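Single-letter residue listing:
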Amino acid sequence: MDEPEVHPNLEPIAFLLGRWEGAGVGGYPTIESFNFGQEIEFGHNGKPFLTYVSRTWLLDEDGNRVRPLATESGYWRPQPERQVEVVLSHPTGIVEIYIGEVVFNKIELRTDVVARTASAKEYTAGHRLYGLVNGNLMWAYEMAAVGHPLTDHMSAELKKVA
Ligand code: HEM
């Protein structure tokens, strides 16, 4: 099968396509802050959505990978008027639906719906910012969880991998 063409509806978020690698810092009022490495892959199959997978690792002081941390996967679904819908699932028993807006190379997402399995930690809302800055993908995440309102959980800067 030939490589499919990028669906025209993907245009506002097509800058995300590809593989990204980098590092970030995480924390929360209830945990010690930590450094992590991250890989994100945005793909497409010719249809009007992006596939999305993120993997992260705890990093030691020398930048070596110690053990896997959070992973998540889902689909990014651009809508008319530069709106975007994102569905994500987590191995921690959480699924989330975000809605947001694309403004040039910046995407701001807020959870519309969160669902949790009985054993999942208490998590009620997320707020994410993604932006292309000097060709790098920067993103930051706030969450409301374990009794805290929306509070920074992590941010990272990723470079495009050829
Ligand atoms: C790059 C993404 C992320 C990284 C690297 C990360 C990493 C971590 C780490 C290391 C902890 C503390 C230890 C642990 O519980 O494993 C933690 C706690 C937690 N994370 Fe994340 N996380 C990420 C994204 C998320 C997302 C997307 C959610 C929600 C959907 C989330 C929800 C939580 C919750 C609820 C806790 C527990 C806080 C507590 O019990 O005090 N995290 N995260």
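The structure under discussion appears in the preceding block.
Okay, so let's go over this structure. The model shown is predicted, which means the values in this text are computed figures rather than measured ones.

1. Examining the packing of aromatic side chains
Next, step 1: One pass over the structure, following the stated rule, counts eight aromatic pairs.
Next, step 2: Pairing F34 with F36 gives two aromatic rings, centres 6.0 Å apart and planes at 50°, and the pair type is tilted.
Next, step 3: On the basis of relative accessibility, which here comes to 2%, the residue F36 falls in the buried class.
Next, step 4: A centroid spacing of 6.3 Å and a plane angle of 40° characterise the contact between W139 and Y141, whose relative ring orientation is tilted. As far as the burial class goes, W139 and Y141 line up, both buried.
Next, step 5: An aromatic cluster of at least three residues, connected via ring pairs, comprises F42, Y52, W76, Y130, W139 and Y141.
Next, step 6: Directly above the aromatic system of W57 lies the positively charged group of R65, at a separation of 3.7 Å from the ring centroid.

2. Brief notes about the coordination of the iron atom of the ligand
Next, step 1: From the protein, the iron atom of the ligand takes a single donor atom, H153 (NE2), 2.2 Å away.
Next, step 2: Along the chain, the position of H153 falls in strand β10 (residues 148–161).

3. Re the site of the ligand
Next, step 1: Looking at the ligand, there are 20 residues lining it, with T30, K121, Y141, H153 and M154 nearest.
Next, step 2: A distance of 2.7 Å separates an oxygen atom of the ligand from a polar side-chain atom of K121.
Next, step 3: In this structure, a nitrogen atom belonging to the ligand sits 2.9 Å away from a side-chain N or O atom of H153.
Next, step 4: Contributing elements (two or more residues each) for the shell around the ligand: β2 (31–43), β4 (65–79), β8 (123–133), β9 (136–145) and β10.
Next, step 5: For the shell around the ligand, the element with the highest residue contribution is β9, accounting for four residues.
Next, step 6: Per-class residue counts for the shell around the ligand are 12 nonpolar, four polar and four charged.

Criteria and cut-off values
Residues numbered from 1 in each chain as written. Predicted model: local features only at pLDDT ≥ 70, side-chain atom pairs only at ≥ 80, totals over all residues. Heavy atoms only, no water. Phe/Tyr/Trp six-rings, centres within 6.5 Å; stacked < 30°, edge-to-face > 60°. Buried < 20%, exposed > 50% of the residue type's maximum accessible area, 1.4 Å probe, protein only. Lys NZ or Arg CZ within 6 Å of the ring centre and 35° of its normal. Donors = N, O, S within 2.8 Å, 3.2 Å for Na, K, Ca; no water. Helix = DSSP H or I, 4+ residues; strand = E, 2+ residues; numbered from the N terminus. Near = heavy atom within 4 Å. Polar contact = N/O pair within 3.5 Å; in protein donor to acceptor, adjacent residues only side chain to side chain. Nonpolar A, V, L, I, M, F, W, Y, C, P; charged D, E, K, R; others polar.

This is a description of form; function is not addressed.
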